[in-house]
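Structural features, examined
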Amino acid sequence: MPTKTHLISNGAVIDDTWVLIDDETPLDDTPAIISLDRLKAEADALRSRNAKIGVVIRTNTQGKTKLGEDVRELAPYLDMLSTIAIDFPVYRNGRGYSDARILREEMGFEGELRAIGEVLFDQWSFMARCGFDTFEIDASIPVEKFKEALNELSEAYQPAVDNQRGVLWRRHGL
Amino acid sequence: MAQHSSKGARFQAVTANRLNDGEVVYFKDNGWIENFAEAEIADGQEAAEALLTRASPDNMEAFILDPYLFEVSESEDGFTPVSVRENIRAKGPTVRTDLGKQAEAG
Amino acid sequence: MYRYDEFDHKIVTDRVNQFRGQVNRRISGELSEDAFKPLRLMNGVYLQLHAYMLRVAIPYGTVSSKQMRMLAHIARKYDRGYGHFTTRQNIQYNWPALDRIPDLLEELASVEMHAIQTSGNCIRNVTADQYAGAIADEIEDPRIISEIIRQWSTFHPEFSYLPRKFKIAVTGHENDRAAIKLHDIGIVIVRNDKGETGYEVHVGGGQGRSPFIAKKLTNFVPAEKLLAYLEAVMRVYNMLGRRDNSYKARIKILVHETGETEMRRLVDEEFERIDASQMLSLPEAELDRISAYFAPPNYENLPAQSEVFEAAKGSNADFNHWVKTNLVPHKTPGYGIINISLKPIGGIPGDATDVQMDIIADLAERYALDEVRVTHEQNLVLPHVKLDEAKEVYDILCAHDLATPNIGLISDTIACPGLDYCNLANARSIPLAQEISTHFADLDKQYDIGELKIKISGCINACGHHHVGHIGILGVDKKGTEFYQISLGGSADEQASLGDITGQAFTEDKVVDAVDTIVETYLNLRQPEERFLDTYRRVGMSPFKEQLYAD
Ligand code: HEM
Ligand code: SF4
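Throughout this document, residue positions are counted from 1 along each chain, in the order its sequence is written. For naming, the first written chain is A and the first written ligand is 1, with later ones following in the order written. Local features in this predicted model are restricted to residues of pLDDT 70 or higher, and side-chain atom pairs are both shown and tallied only at a pLDDT of 80 or more, whereas totals for entire chains, interfaces and linings draw on every residue. Processing note: side-chain calculations cover all non-hydrogen atoms of the structure and skip hydrogens and water entirely.

With that settled, consider the coordination of the iron atom of ligand 1. The protein gives the iron atom of ligand 1 a lone donor atom, C:Cys463 (SG), placed 2.2 Å from the metal. Looking at the element boundaries, C:Cys463 is found in the loop between strand S17 (454-457) and strand S18 (471-478). Listed donor atoms are N, O and S within 2.8 Å of the metal (Na, K and Ca: 3.2 Å). As water is not included, a site may look incomplete. For helices the rule is a DSSP run of H or I covering at least 4 residues; for strands it is a run of E covering at least 2, with both sets numbered from the N terminus onward.

Structure follows, in structure tokens:
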């Protein structure tokens, strides 16, 4: 994982106003990204809080979340979430691509969806197609390079979350 | 990768593949050569580790892939690799003796 | 055959340019090996024992003569004059230099070929029945849906970093030549009571360390819903497949651990959601467009019997033998399907020289309506040859060592590259195939033994399909020495089964003797008309075991 990262959202570098808060630290008024467990445990209290709230979905391959946490558990809380961060523990672990599509397509989440963890050059365009709009990447990579990577493969056969319909359909004006 | 552990071996050499063409190479005098017969041989585990350290400086990674130690044994006409795998790497496919290093050696 | 349109061209060309950039960045040192390795693997470039290896995709095993000529040209210009056809209907080159691969891929792209989907944990190159479109009683040409699956799965954004690689095979015929039950997804084209064509989907087959026969999850999915169904299977797998242990990461383990019923429920649930969104409903116009490429070629109106052909069989015993083993009836009167054996006695299974590839391209152009097929048994096929011209084709094949009359016989062995090339191997595979084929060289003996499929892998990854060999041979490593485990009774067809291990492994010099003992035991025990597999299924392991370990 890069030591220093910056955040690219919808094609521009943005300030990260969010802080990732662990389960023990009390919350203040800054926008906080918390764990799924904490969200579930403190949902009622969090609803009456004034600051924005986000959640991180972990995709560990060890311990109790051998497979990773289940995004579908977010259903009762979606309306209170401004951001959902999906963690890619290693680039090879591609479970987060399905998480993103489930959130966007099945659950209708319209807030910020950020990719964190090992988020590398060759994954960005796939992530974008699956519905991520915000990427925490190595700070040494300029935003122009990021945009180039998104356009390296200019056509796609299949539909996804972006508005490319997929060549199998576009051939027929669909 | 199936790198055969060389713990307990007396004689060892260091091998790798070259980045641009994948050619099997051996370490010798701070450089890499193609012919196993000229490879530098370390006697004893300490010498082997020193050899591997010399063969693996950071900048090597740019053009040499995954250097590792393998066991060789001494015979009448020099050293030979111990495992079937390293023999095949040193010579070429046993089923195409017209190809690989064995062919170039004539 | 399918031809690219501007979209297909763009996708492949973009990919070549992208890879050229990646190779340049690697060679200049900008990219580390750690960062580069997954990128080269996603372009079919492996590092083997002696050099790089490039795997070129041959989707559903179909190539034109122009493409075959390109494969020959690449063997000549970028490699050492040969290529290796694999059990996945691909071709592998064993010696290309990394810095020349982008040029190589650019040349391939000029004939609508590429190395996409030949490596990595993505949906791999789709395979299909090699007799597609040529064999009688086919419900539908499996290449139509294979091409649609190829497109849908190419650079799939959600499924390019799966827990493990993913292989799909399709057959449109009740005789399964595509080993569909040994694939992550196997598709059988079927017709329902109403006479509509659809797809039966089997999930969770595979070989490797823990082999499984696939489970049938659904009897019928109509064409317009198939992509939605496949996407549902893929999503269930991507969400629930194990990533903690690469040996347990294939979908076969998920199906096994979840159970068939629960797996079916999960897939159905996901399928309902995707189907309801209509996102993946295949447009009829696209199905029609792709089907049109696989419309039957212009066959001539010929009598079913060819006098020239019958006369040649009568006057030339060798030709007659070859016809019996290598020529299969075509659905069209007056035509035949010709199998080209890449298993000359004592040769390397699946290897073809640049010259042979050129010759085959010429034959395809002149005699076979411009098509060649690659089989998963590492042979080639000329799918549409007039019986009138079969003898001419045979004579040319003979002149280039391509007319060995041994399809399906004991010398038609499958073998993976093994320790002669492969970085993961425990033992060599090819020399065993050569020794066995030399030992049983006598054709009369081979005909007497009849159908007997030997399959050899150099390690448990099972690239040589040893689990489903009538006789399977697996290389194991014992302290740096090669040993071989033998199994009996496997089969990859519609009655797929996994072989049973005979017992203790054999040293290299004992393997041919062991195979000989197995064959003799069969010959002694068989009843009239019984193939090896039938006898084995009837009598079981013990008589073979007794003879093998008699000492
Ligand atoms: C030479 C380089 C090769 C490497 C590094 C390689 C690697 C592997 C590995 C690691 C597996 C096991 C996958 C798993 O169980 O998850 C595998 C399976 C397989 N490979 Fe290869 N292979 C190579 C060549 C080939 C060749 C030449 C063929 C065809 C002749 C082939 C066809 C297959 C098949 C059919 C399987 C079984 C698929 C299954 O497990 O269901 N491979 N290969
Ligand atoms: S079975 Fe093993 S030895 Fe053979 S090609 Fe596959 S990985 Fe290599």
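From this point on, the discussion continues.
Turning our attention to the site of ligand 2. If even one non-hydrogen atom of a residue comes within 4 Å of a molecule or strand, that residue is called near it. Every residue near ligand 2 is listed here: C:Cys416, C:Pro417, C:Gly418, C:Cys422, C:Leu424, C:Ala425, C:Ser457, C:Gly458, C:Cys459, C:Asn461, C:Ala462 and C:Cys463. In terms of residue class, the shell around ligand 2 is built from eight nonpolar, four polar and no charged. Side-chain classes are defined by residue name, with Ala, Val, Leu, Ile, Met, Phe, Trp, Tyr, Cys and Pro counting as nonpolar, Asp, Glu, Lys and Arg as charged, and the others, Gly among them, as polar.

Now for the side chain of C:Gln207. By the secondary structure assignment, C:Gln207 is in the loop between strand S9 (197-203) and strand S10 (215-222). Contacts are assigned to residue pairs that have any heavy atoms within 4.5 Å of one another. Sequence-distant contacts of C:Gln207, defined by excluding residues within four places in its chain, comprise C:Leu182, C:Lys252, C:Ala462, C:His465, C:His466, C:His467 and C:Val468.

Before going further, it helps to examine the sheet that holds strand S15 (residues 380-386) of chain C. All names here are of chain C. What the five strands build is an open sheet, ordered S3-S14-S15-S12-S11; its pairing is antiparallel. Looking at strand neighbours, the two that pair on one side only are strand S3 (62-64) and strand S11 (327-329), the edges of this open sheet. Neighbour-to-neighbour, the strand axes of this sheet turn through a mean angle of 30 degrees, independent of strand direction. Bridge count between S3 and strand S14 (residues 371-374): three bridges; the pairing is antiparallel. Looking at S14, one finds that Ser64 is bridged to Glu371. The strands touched by helix H3 (residues 65-77) are S3, S14 and S15; relative to S3, the strand with the most contacts, the crossing angle is about 90 degrees. Here the rule is simple: two strands pair whenever DSSP picks up at least two bridges between them. Every axis in this analysis is a line fitted to C-alpha atoms, fitted for helices over the stretch in contact. Angles between the N-to-C directions lie between 0 and 180 degrees.

Moving on to the interface of chain C and chain B. Listed as interface residues are 30 residues of chain C and, on the opposing side, 26 residues of chain B. A quick way to say it: buried area is the sum, across both parts, of accessible area lost when two parts are put together, with a 1.4 Å probe. Note on chain C versus chain B: buried area summed over both sides is about 2300 Å², and carbon and sulfur give 59% of it. The largest per-residue losses of area from chain C upon contact with chain B belong to C:Leu49, C:His50 and C:Asn423, which jointly make up 21% of the total buried on that side. Just to be clear on terms, a salt bridge is a Lys or Arg side-chain nitrogen sitting within 4 Å of an Asp or Glu carboxyl oxygen. Joining chain C to chain B, the criterion identifies zero salt bridges. For this analysis, a polar contact is any N or O atom pair within 3.5 Å, provided that within protein one partner can donate a hydrogen and the other can accept it, and provided that sequence-adjacent residues contribute only side-chain to side-chain pairs. At the junction of chain C and chain B, the tally comes to seven residue pairs in polar contact (both at pLDDT 80 or more). Listed by contribution, the elements that provide at least two residues to the side of chain C that touches chain B are helix H1 (6-27), helix H2 (33-41) and helix H14 (430-439) of chain C. For the side of chain C that touches chain B, the element with the most residues is H14(C), which contributes three residues. Taken together, the residues of the side of chain C that touches chain B break down into 15 nonpolar, six polar and nine charged.

What follows covers the environment of C:Arg242. Residues and elements named next belong to chain C. Tracing the backbone through its elements, the reader meets Arg242 in the loop between helix H6 (223-240) and helix H7 (251-258). Sequence separation between Arg242 and Leu162 is 80 residues, and the spatial gap between their C-alpha atoms is 9.8 Å. Within the local environment of Arg242, its side chain forms a polar contact with the side chain of Asp244, the two groups lying 3.0 Å apart.

Residue-level contacts link 50 residues of chain C with 39 residues of chain A. Roughly 3900 Å² of surface becomes buried between chain C and chain A when both sides are summed, with 59% attributable to carbon and sulfur atoms. Of all residues in chain C, the largest losses of buried area upon contact with chain A belong to C:Pro157, C:Tyr161 and C:Met239, amounting jointly to 21% of the total for that side. Here chain C is connected to chain A by nine salt bridges. With a shortest N-O distance of 3.0 Å, A:Arg101 and C:Glu158 are connected by a salt bridge. Inspection of the region where chain C meets chain A yields 26 residue pairs in polar contact (both at pLDDT 80 or more). Taken together, the elements giving at least two residues each to the side of chain C that touches chain A come down to H1, H2, helix H5 (142-153), H6, helix H8 (260-277) and helix H9 (284-293) of chain C. For the side of chain C that touches chain A, the leading source of residues is H1(C), giving nine residues.

Residues and elements named next belong to chain C. Along the chain, Glu200 turns up in strand S9. Of the polar contacts made by the side chain of Glu200, one reaches the side chain of His202; its length is 2.7 Å. Each residue touching Glu200, except ones within four places of it in the same chain, is listed here: Gly186, Ile187, Val188, Val190, Lys216, Thr218 and Asn219.

Residue and element names in this part refer to chain C. Here the bounds of each domain stem from an automatic or database domain assignment. Each domain of chain C was delimited in the assignment, giving domain 1 (6-109), domain 2 (127-291), domain 3 (307-399) and domain 4 (414-548). In this structure, domain 2 and domain 4 have C-alpha centres spaced 30 Å apart. Carbon and sulfur atoms supply 62% of the area that domain 2 and domain 4 bury against each other, a total of about 1100 Å² over both sides. Residues belonging to the side of domain 2 that touches domain 4 are distributed by class as follows: five nonpolar, three polar and four charged.

Here the focus is the sheet that holds strand S3 (residues 19-20) of chain A. The strands making up a sheet associate through hydrogen bonds between their backbones, and the pairing can be parallel or antiparallel. All names here are of chain A. On the basis of which strands lie adjacent, the open sheet formed by eight strands has the order S2-S1-S8-S7-S6-S5-S4-S3 and mixed pairing. Pairing within the sheet leaves two strands with one partner each, and these edge strands are strand S2 (12-14) and S3. Across the sheet, helix H1 (residues 36-47) lies against strand S4 (32-35), strand S5 (53-57) and strand S6 (81-88), angled at about 120 degrees from S4, the strand it touches most.

Turning next to the packing of aromatic side chains. Under the pairing criterion, centres of Phe, Tyr and Trp rings, with the six-membered ring standing for Trp, must be within 6.5 Å; the plane angle then separates stacked pairs below 30 degrees from edge-to-face pairs above 60, leaving the rest tilted. Taken as a whole, this structure holds 26 aromatic pairs over all chains when the rule is applied. When the centroid spacing of 6.1 Å and the interplanar angle of 85 degrees are considered together, the rings of A:Tyr91 and C:Tyr161 count as edge-to-face. With A:Tyr91 in the loop between S6 and helix H2 (95-106) and C:Tyr161 in the loop between H5 and strand S7 (168-171), the pair connects residues from two separate chains. An identical accessibility class is assigned to A:Tyr91 and C:Tyr161; each is buried. For every residue, the accessible area (1.4 Å probe, protein chains only) is compared with the maximum for its type, and the residue is labelled buried under 20%, exposed over 50%, or partly exposed between those bounds.

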